[in-house]
Each structure stands twice: as C-alpha cells, then as structure tokens.
Amino acid sequence: MNDDEINIQEMADDELYELMKEDLYDGYAQEVAEEVSEMLARGHQPYDILTNGLVPGMDIVGVDFRDGILFVPEVLMAAKAMKAGMAILRPLLVETGAEKIGTMVVGTVKGDIHDIGKNLTAMMMEGAGFEVFDLGVNNSVDNFMLAIAEHKPDIIGMSALLTTTMPYMRVVIDALVEAGIRQDLIVMVGGAPLNEAFAEDIGADAYCRDAAVAVETAKKFMQLRREKAR
Ligand code: B1M
C-alpha cells in the first residue's frame, strides 16, 4: 500500500488511520508498524492508536472472514500485521511506575488459538501495575491449575473467541471449586462471543468486554479485596 507515491508524513490523522486499517486488512505488517510509529511521533496515545486503527481494522477482517470474503491465510497475515503494530505499542502500554497492585494468570482456553485480545488484555493489565503470567493459547485445566500453584495469583483471566471453546471456561471454574480454591481467586473472562449472562452462568466474577474494562474490573476487585482484608 505504501509505495513511493504515498508519504505517510503528509497525511492527515484520519487518512492515516484509514490507511492503517487497510494495510492491516491486507496483512502489510511493515507498513502497519510504520504507521503506528508515525502516529506515536505525532503524539497520539498508544491506547488511541489501538482503538482508532488496529482494533477497527481487525473488526473489518472479522466481518469479511465471517462472510467468506477472507480465508484463514489472509486472516493470519492480518493477525501478523496487528501483532507488528502491537509490538511497537507494547513497551509503552506496559511501562508503569506504579506499585504492583496484584497478580494475574491469563490464558486462552483449550481448543482455542486466538491470542490477540488476550495479549492486549495482558499488556494493559501490566501497564496498570499488575504482574501478569501469560499462559498463551490452548490451555487445559491442568495448565491453569499448575500456574495457580506456582504463581499464587489474585486473578485468573480466561479468553475464548469461539462458541465451541467458551464452555471450557466452566470446566476450569468447576475445577477451581472442586479444588476448594474458587473463593480465593477473582475469575474474569473475555472474548468476542461472551456476554455478562454467560459469565454469570458459568460462575465467573466478571465479564470484560475489552481490555480497558478488564483493567477497571481488576482494580475494583483488588480494592474490594483489600477492604475485606482490613
Ligand atoms: Co478466527 N474466528 N478462527 N482466527 N477469528 C473468529 C473468532 C470468528 C468470529 C470469525 C468469524 O466467523 N467472523 C469465528 C468464530 C465463530 C464462532 O465461534 N461462532 C472464527 C473461526 C470460525 C475460526 C476458525 C474455526 C476458522 C477455521 O479454521 N475454519 C479457526 C479456529 C482456530 C482455533 O482457535 N482452534 C480460526 C482461526 C483464526 C486465525 C488463526 C486465522 C486468527 C487468529 C490469530 C491469532 O489470534 N493469533 C483468527 C482471527 C484473527 C479471527 C478474528 C478475525 C479476529 C479476532 C481478533 O483478534 N480480534 C475473529 C473475528 C472477530 O472476533 N470479530 C475470528 C481483535 C481482538 C482485539 O479482539 O479477541 O475480541 P478480541 O479481544 C477483545 C475482547 O474480546 C476482550 O478484549 C479485547 C479487546 O480489548 N478480551 C478479553 C479478549 N480476551 C479477553 C480476556 C480477558 C478480558 C478481555 O481476560 C480477563
């Protein structure tokens, strides 16, 4: 997209965001990275670049994937481009002078390899002062249990992007109940097909619509925890 005729430095902000979405859609990782850097150079906040450029770009990919216009290889390219942009924003989003406010173990559940939203959530949580242990994708109950034993987190975060994998969250929560540790943990869940009712039904503490909500929710629960401990 960025051939010699396009000079991104001369583009208006809204044009550049449009180009970022198009380049993400086309899977042009290097161009997306350059556009993200240009927006940062213009003084845009990392979170604004995510919400005005990268996330809406991926939303368009999602619609065309659903409608059979894009196929897995193209979506993978788009995901790579999204990750190239996120890699630039990551150090800025996670940089924090704040004191540690809590610990979180987060992972995408078994059978599911979507990780962009989970990664974004992990970054924003780190940026807010949480220590985050990211288990990656396709996590079984055992993976979550081992990580809980090792890291003793305050919060368990689970992500699922498929209607076929979201029920696995209940399996993990049931295992926490069985092990007698459910009440010691704050369980937060997220992912595009979920909603509040589902979270309530499976016994999670909170459904997080996006990464920013995850941060707010986590802070709120940590505050309650501290008040209870007093
Ligand atoms: Co997939 N895929 N995919 N895919 N994919 C979806 C989810 C789908 C909705 C596309 C569609 O049809 N429109 C559809 C699911 C349909 C359904 O279940 N009803 C789908 C499908 C069908 C599939 C395959 C089955 C396709 C196939 O093989 N035939 C396959 C399954 C693979 C598997 O997991 N076993 C598959 C594969 C893939 C790729 C590998 C190609 C790629 C993933 C690459 C990667 O993640 N590394 C991919 C992608 C990229 C998508 C879409 C297009 C984009 C997802 C994304 O990254 N969004 C997606 C369409 C869509 O969601 N609209 C789609 C951007 C991201 C920022 O948003 O992840 O929602 P999201 O995260 C948000 C919130 O949900 C929340 O915060 C984030 C924003 O701040 N959040 C959390 C997420 N996790 C959280 C955890 C928390 C808190 C908040 O913890 C507390």
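In what follows, the structure referred to is the one given above.
Heads up: these notes are all about the structure in this document. Because the structure is predicted, anything quoted here is derived from the model rather than measured.

### As for the sheet that holds strand S2 (residues 130-134)
Okay, step 1: The five strands are arranged S2-S1-S3-S4-S5 in an open sheet whose pairing can be described as parallel. In the strand order of this sheet, the two ends are held by S2 and strand S5 (206-208), each with one partner. On average, each strand axis in the sheet is inclined to that of its neighbour by 25 degrees, with strand direction left out of account.
Okay, step 2: As judged from the three bridges shared by strand S4 (residues 186-190) and S5, these two strands associate in the parallel manner. By the bridge assignment for S5, Gly-190 is matched with Cys-208.
Okay, step 3: Across the face of the sheet, helix H5 (residues 116-127) comes into contact with strand S1 (102-108), S2 and strand S3 (155-159) while running at roughly 155 degrees to S2.

### Comments concerning the coordination of the cobalt atom of the ligand
Okay, step 1: Its sole protein donor being His-114 (NE2), the cobalt atom of the ligand sits 2.2 Å from that atom.
Okay, step 2: Inspection of the secondary structure puts His-114 in the loop between S1 and H5.

### So, the layout of surface pockets
Okay, step 1: Counted as a void, the largest pocket has a volume near 1,400 Å³.
Okay, step 2: Met-58, His-114, Ile-116, Gly-117 and Leu-161 are, among the 45 residues lining the largest pocket, the residues nearest its centre.
Okay, step 3: Of all the secondary-structure elements, those providing two or more residues to the lining of the largest pocket are helix H3 (46-66), helix H4 (72-94), S1, H5, S3, S4, S5 and helix H9 (211-229).
Okay, step 4: With nine residues, the top contributor of residues to the lining of the largest pocket is H3.
Okay, step 5: Its residues assigned to classes, the lining of the largest pocket comprises 28 nonpolar, ten polar and seven charged.
Okay, step 6: Counting contributing residues, the lining of the largest pocket receives three or more from each of domain 1 (8-99) and domain 2 (100-230).
Okay, step 7: Lining the second largest pocket are Arg-182, Gln-183, Leu-185, Ile-186, Asp-205, Phe-221, Leu-224, Arg-225 and Lys-228.
Okay, step 8: No other element matches H9, which puts four residues into the lining of the second largest pocket.
Okay, step 9: Considering only residue class, the lining of the second largest pocket consists of four nonpolar, one polar and four charged.

Cut-offs and rules
Every chain is numbered independently, its residues counted from 1 as its sequence is written. Local features are withheld for residues below a pLDDT of 70 in this predicted model, meaning they are given only at 70 or higher, and side-chain atom pairs are given and counted only at 80 or more; totals for whole chains, interfaces and linings count all residues. Here the side-chain values reflect all heavy atoms present in the structure, with hydrogen atoms and water set aside. Here, strands pair whenever DSSP counts at least two bridges between them. The helix and strand labels rest on DSSP assignments: H or I over at least four residues marks a helix, E over at least two residues marks a strand, and numbering proceeds from the N terminus. Comment: axis = line fitted to C-alpha atoms, over the contacting stretch for helices; angle = value between 0 and 180 degrees taken between N-to-C directions. Should any heavy atoms of two residues lie within 4.5 Å, those residues are considered in contact. The donor set covers N, O and S atoms within 2.8 Å of the metal, switching to 3.2 Å for Na, K and Ca, and it leaves out water, so a site may look short of donors. As defined here, a cavity is a set of points on a 1 Å grid over the protein atoms alone where a 1.4 Å probe fits but cannot get out. A pocket is an open set with protein on both sides within 12 Å along at least five of seven lines, and residues line them when an atom is within 4 Å of a point. Grid points are joined across faces, edges and corners, and a volume is the space filled by probe spheres set on the points. Each residue gets one label: Ala, Val, Leu, Ile, Met, Phe, Trp, Tyr, Cys and Pro are nonpolar, Asp, Glu, Lys and Arg are charged, and the others, such as Gly, are polar. Reported domain spans reflect what an automatic or database domain assignment gives.

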